[in-house]
Amino acid sequence: MSETIRFSLDGHEVEAQAGETIWQVAKRLGTSIPHLCHRDAHGYRPDGNCRACMVEIKGERVLAPSCRREPTAGMEVSSQSTRAEKSRTLVMELLLADQPAQENAHDPQAEFWKQADLAGVQTSRFPAKQKSVAPDPSHPAMRVNLDACIQCGLCVRACREVQVNDVIGMAYRHDAAKIVFDFDDTMGQSTCVACGECVQACPTGALMPASLMDDTQKRAVTPDRQVDSLCPYCGVGCQVTYEVKDDKIVNAVGRDGPANHNRLCVKGRFGFDYIAHPHRLTKPLVRLDGKAKHADDSVDPANPFTHFREASWEEALDLAARGLKDIRAAQGPRALAGFGSAKGSNEEAYLFQKLVRTGFGSNNVDHCTRLCHASSVAALMEGLSSGAVSAPFEAARDADFIMIIGANPAVNHPVAATFIKNAVRERHVKLVIADPRHQSLSRHAWKHLAFRPGSDVALLNAMLHVVVTEGLCDEAFLRERADHVAVGESLRHPSSRLGVHRRAGVERHRRGPAPGHADAVVPHQRQHRANVDHVGQVGQRQRSGRQQGRRHLRQGRVLRPADADRTLEPVPALDQQLFHAGASRPWLSTMKWYTIGLVNGAARRRLPGRPSREVA
Ligand code: SF4
Ligand code: SF4
Ligand code: FES
């Protein structure tokens, strides 16, 4: 049972959960305390810098910021004392003095004005600071107007601590202090990746989406409704709220879903203009009579009516069905095939295969995900008996060790990558990236393992070898969960000459030729080939991977001992293998690991060129 703390808030006895702040307790109980530098959202720590949320605590000489202060047993807190209210009003007045008037503000609907209202402040007694801050319209998707900035630091925390992009910082001193992008570059010139987290966090309108603003840097668009949805891009599953004006999406805001906790990436945040693009087809088009297809011909997407005319859905569907029927009648059902889209729902996928199987009469039906995901599904089925991932990306926060191989999440799944970066930043989790190329996550990595292209399977086998032979695996876990594993001394017997599989007590599915036979290969080669064979069952890419893997074996490009005569020899020392793969010894033998396996088709791609062996 979690510990609770009893204290008094505005004369009422209340309870706080361990770790709750006074502000959170007050909010939970329906008491609104103004706040500006605090954002009540996942991943934002309270900073306590604006002093807009001060409360009085009996017996304490100074007021306390309620957003940071945790109550203690018996504490007597007043959020409505004259002293606390005057303090909050003064802070609001000081901040208000430097803002443009609300009617001229960049965003008259910004959170700042709501908090000023909550504090009961409409005007300020103080003179405005003379400042001329030029707008920064350099970014295509965002606008920067620092004359509205109150230096609450929310954008800095958004960029550094939530999305971990490290673009925004606070620079200079005293009244020259301001937020900067990189080395005081314009936002458009900076290393900003356009995640838009800072825009979502900014309470004043100093940072805003360009889609809501006009050329005078003022809000020109007020949405008339909001629609909750799911980001249509990658498979992370970020929840999003679209702001809609006149049936057109004008802004996207991250929602607190389990996969994203309000975060979005550049695609989900700003990539919605295609929906209203004039080139988009919204009505069926039918080719004009006499406009035959020709390889040298081209259609202007802005004006397709040189080649097509608009048609009703009934006419277009009839025409398409007739064409398919004609093909089937002339060439048989096997001349037809269907290729479904991963963007469809399960129900649509079911209907689609039904159409192909029963309508076309063909079993030639497939799905685009098989191209990119088949290898990882096969590996997951083999290893975990399930083709689905076994943990949410947020579980990176619970890991002690994260290894990424065959994936570039900062590019392909940027929101997922933020949780990995959070784990490294907050908990100093050891992150190892195994990739022939450096990627943007590499700067967060404890080690970047730039292995030779094509040697990924051998590298993983080498790691398994160390885990097994040095007793780093959890034998109780294996005994309970894994099939075909004989645990005990055999697991670690270093003098075994039968290779990794035998040492692990794993029954191999495929037994190679007897030792001494002309086709006999060394144990780890055999296992490598078995793995490649397995993956090779799944599709063309996997077949080419198998062929390439075998070619590499022949060329000696994969890890292999120096036994050119192909007699059975013990697997060489791991140091030697990893040296070839570009790794150093100690990190493997000392690890206590919990791996988040981010596996996708890239693991099977063989990249050209020879990478550096340098370990970052
Ligand atoms: S958009 Fe994202 S990366 Fe760019 S400055 Fe803002 S938080 Fe940082
Ligand atoms: S730009 Fe916005 S979020 Fe950043 S410090 Fe200024 S007011 Fe705060
Ligand atoms: S909101 Fe508490 S100090 Fe700013």
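Procedures and definitions
- Residues numbered from 1 in each chain as written.
- Chains lettered and ligands numbered in written order.
- Predicted model: local features only at pLDDT ≥ 70, side-chain atom pairs only at ≥ 80, totals over all residues.
- Heavy atoms only, no water.
- Near = heavy atom within 4 Å.
- Nonpolar A, V, L, I, M, F, W, Y, C, P; charged D, E, K, R; others polar.
- 1 Å grid on protein atoms, 1.4 Å probe; cavity = no way out; pocket = protein on both sides within 12 Å on 5 of 7 lines; lining within 4 Å.
- Points joined across faces, edges and corners; volume = space filled by probe spheres on them.
- Helix = DSSP H or I, 4+ residues; strand = E, 2+ residues; numbered from the N terminus.
- Pairing = 2+ DSSP bridges.
- Contact = heavy atoms within 4.5 Å.
- Axes fitted to C-alpha atoms, helices over the stretch in contact; angles between N-to-C directions.
- Expected span 1.5 Å × (residues − 1).
- Bend = angle between axes of the 7 residues up to and from the residue.
- Buried < 20%, exposed > 50% of the residue type's maximum accessible area, 1.4 Å probe, protein only.
- Polar contact = N/O pair within 3.5 Å; in protein donor to acceptor, adjacent residues only side chain to side chain.

Participant: Tell me what's going on with the site of ligand 2, and back it up with residues and numbers.
Facilitator: Neighbouring residues of ligand 2: 13 residues in total, closest Cys-149, Cys-152, Gly-153, Cys-155 and Cys-202. Here the shell around ligand 2 is composed, by residue class, of 10 nonpolar, 3 polar and no charged.

Participant: Give a description of the site of ligand 1 that names residues and reports values.
Facilitator: Taken together, Met-142, Cys-159, Asn-165, Val-167, Ile-168, Phe-181, Cys-192, Val-193, Ala-194, Cys-195, Gly-196 and Cys-198 form the complete shell of residues around ligand 1. Split by residue class, the shell around ligand 1 holds 10 nonpolar, 2 polar and no charged.

Participant: Help me get a handle on the layout of surface pockets, residues and values and all.
Facilitator: Approximately 920 Å³ is the volume attributed to the second largest pocket. Among the secondary structure elements, those contributing two or more residues to the lining of the second largest pocket are α3 (111–118), α5 (197–201), β9 (207–209), β11 (239–245) and β12 (248–254). When its residues are assigned to classes, the lining of the second largest pocket shows 16 nonpolar, 11 polar and 9 charged.

Participant: Describe the sheet that holds strand β2 (residues 12–17), listing the residues and the values that go with them.
Facilitator: Strands sit in the order β2-β1-β5-β3-β4 across an open sheet of 5 strands; the sheet is mixed. Strands at the two margins of the open sheet, each flanked by one partner only, are β2 and β4 (64–65). Bridging between strand β3 (residues 54–57) and β4 involves 2 bridges; their strand directions are antiparallel. Within the sheet, the bridge partner assigned to Val-55 lies in β4 and is Ala-64. Strand contacts of helix α2 (residues 82–97): β3 and β5 (76–78), with the helix running at about 160° to β3, the strand carrying the most contacts.

Participant: I'd love a proper account of helix α9 (residues 369–384), names of residues and values included.
Facilitator: The end-to-end C-alpha distance of α9 is 20 Å, clearly below the 22 Å that 16 residues give at a rise of 1.5 Å each. At Ser-375, α9 is deflected by roughly 35°, the largest bend along its length. Those residues of α9 not exposed but buried are Ala-374, Ser-375, Ser-376, Ala-378 and Leu-380. Two residues or fewer past α9, Ser-385 is found with a positive phi of approximately 60°.

Participant: Account for the side chain of Arg-397, with residues named and values stated.
Facilitator: Along the chain, Arg-397 falls in the loop between α9 and β17 (401–405). Among the polar contacts listed, one links the side chain of Arg-397 to the side chain of Asn-422, at a separation of 3.3 Å. Residues contacting Arg-397, with those up to four places away along its chain left out, are His-42, Arg-263, Phe-419, Asn-422, Ala-423, Glu-426 and Arg-427.

Distances and angles like these do not, on their own, reveal function.
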